[in-house]
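Residue strings, one per chain:
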Amino acid sequence: MAELEDIRASIDNIDAALVHVLAERFKCTKRVGQLKADHHMPPADPERESRQIARLRQLAAEADLDPAFAEKFLTFIIDEVIRHHEAIRG
């Protein structure tokens, strides 16, 4: 049972790191959203989103993570970023 607790402690640490990394990412995307609003650019950039998804699928495959899962995760994040950008635009 000690091994189980050690593994769970590692998972808890990784989860905390994920939250902090996502917070940093959203700070950056907030700045992007403000720049887009200032320059009257659309909230979404489908070409960039497609490139990012392809890049993340490749990274996932290299890391032995299911690329379909990585795509779902990134798509969820992109959808949230676009929602934030739309809110910034008003």
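Now for a description of the structure that goes with this document. Small disclaimer: the values here were computed from a predicted structure and weren't measured. The written sequence of each chain sets the order in which its residues are numbered from 1. Under the rules for a predicted model, residues below a pLDDT of 70 receive no local features and side-chain atom pairs below 80 are neither given nor counted, while totals for whole chains, interfaces and linings still include all residues. The side-chain quantities take in all heavy atoms of the structure and omit both hydrogens and water.

As for unusual backbone geometry
Note the following rule: Strands here are runs of E lasting at least two residues and helices are runs of H or I lasting at least four, both read from the DSSP assignment and numbered beginning at the N terminus.
Notably, His-40 is not glycine yet its phi reads approximately 55°, a positive angle. Secondary-structure assignment places His-40 in the loop between α1 (2-38) and α2 (46-62). Phi at Asp-64 takes a positive value of approximately 65°, unusual for a residue other than glycine. Here Asp-64 is to be found in the loop between α2 and α3 (67-89).

A word on the packing of aromatic side chains
Rules: Any two rings among Phe, Tyr and Trp, with Trp reduced to its six-membered ring, count as a pair given centres within 6.5 Å; such a pair is stacked if its planes are under 30 degrees apart, edge-to-face if over 60, and tilted if neither. Classification of residues uses two cut-offs on accessible area relative to the type maximum, computed with a 1.4 Å probe and protein chains only: under 20% is buried, over 50% is exposed, and between them is partly exposed.
Under the defined criterion, the tally for this structure stands at 1 aromatic pair. Ring plane angle 20° and centroid distance 6.3 Å describe the contact between Phe-69 and Phe-73, whose orientation is recorded as stacked. Here Phe-69 pairs with Phe-73, and both are found in helix α3, just 4 residues apart, close to one helical turn. The partly exposed category is assigned to Phe-69, whose relative accessible area is 46%.

A few points about the packing of α2 against α3
Let me state the cut-off plainly: Angles run from 0 to 180 degrees between N-to-C directions of axes, and those axes are lines fitted to C-alpha atoms, restricted for helices to the stretch in contact. In this scheme the handedness of a crossing depends on how the near helix is turned from the far one: anticlockwise by less than a right angle means left-handed, clockwise means right-handed. Note on contacts: a residue pair is in contact if any heavy atoms of the two residues lie within 4.5 Å. Any residue that is not Ala, Val, Leu, Ile, Met, Phe, Trp, Tyr, Cys, Pro, Asp, Glu, Lys or Arg is counted as polar, Gly included; the first ten are nonpolar and the last four charged.
As a packed pair, α2 and α3 sit with axes 8 Å apart at the nearest point and diverge in direction by 145°. Crossing angle aside, the handedness with which α2 passes α3 is right-handed. Facing α2, whose interface residues are Glu-49, Gln-52, Ile-53, Leu-56, Arg-57, Ala-60 and Ala-61, α3 presents Pro-67, Ala-68, Ala-70, Glu-71, Leu-74, Thr-75, Ile-78 and Ile-82. Residue composition of the contact of α2 with α3, by class: 10 nonpolar, 2 polar and 3 charged.

A short note on the packing of α1 against α3
A pair of packed helices is characterised by two quantities: the angle between their axes and the separation of those axes. The following threshold applies: Angular relationships are summarised with four words: roughly parallel below 35 degrees, roughly antiparallel beyond 145, roughly perpendicular across 65 to 115, and oblique for the angles in between.
Running from N to C, α1 and α3 point in directions that differ by 40°, and their axes come no closer than 9 Å. Between α1 and α3, the angle is such that the two are oblique. The chirality of how α1 crosses α3 is right-handed. Taken together, the residues of α3 that come into contact with α1 (itself represented by Leu-22, Arg-25, Phe-26, Thr-29, Lys-30, Val-32, Gly-33, Gln-34, Lys-36 and Ala-37) are Phe-73, Leu-74, Ile-77, Glu-80, Val-81, His-84, His-85, Ile-88 and Arg-89.

As for α3
Here is the rule we go by: Here the expected span of a helix is defined as 1.5 Å times the quantity of residues minus one. N or O atoms within 3.5 Å of each other form a polar contact, as long as, within protein, one can give a hydrogen and the other can take it, and as long as residues adjacent in sequence are counted only when both atoms are side-chain atoms.
With 23 residues, α3 should cover 33 Å at 1.5 Å per step; its first-to-last C-alpha distance of 32 Å lies within 8% of that length. Those residues of α3 that sit buried are Ala-70, Leu-74, Ile-77, Ile-78, Val-81, Ile-82 and His-85. For α3, the secondary structure elements touched by its buried residues are α1 and α2. The N-cap residue of α3 is Asp-66: its side-chain oxygen and the backbone nitrogen of Ala-68 are 3.0 Å apart. Within two residues after α3, Gly-90 carries a phi angle of roughly 90°, on the positive side.

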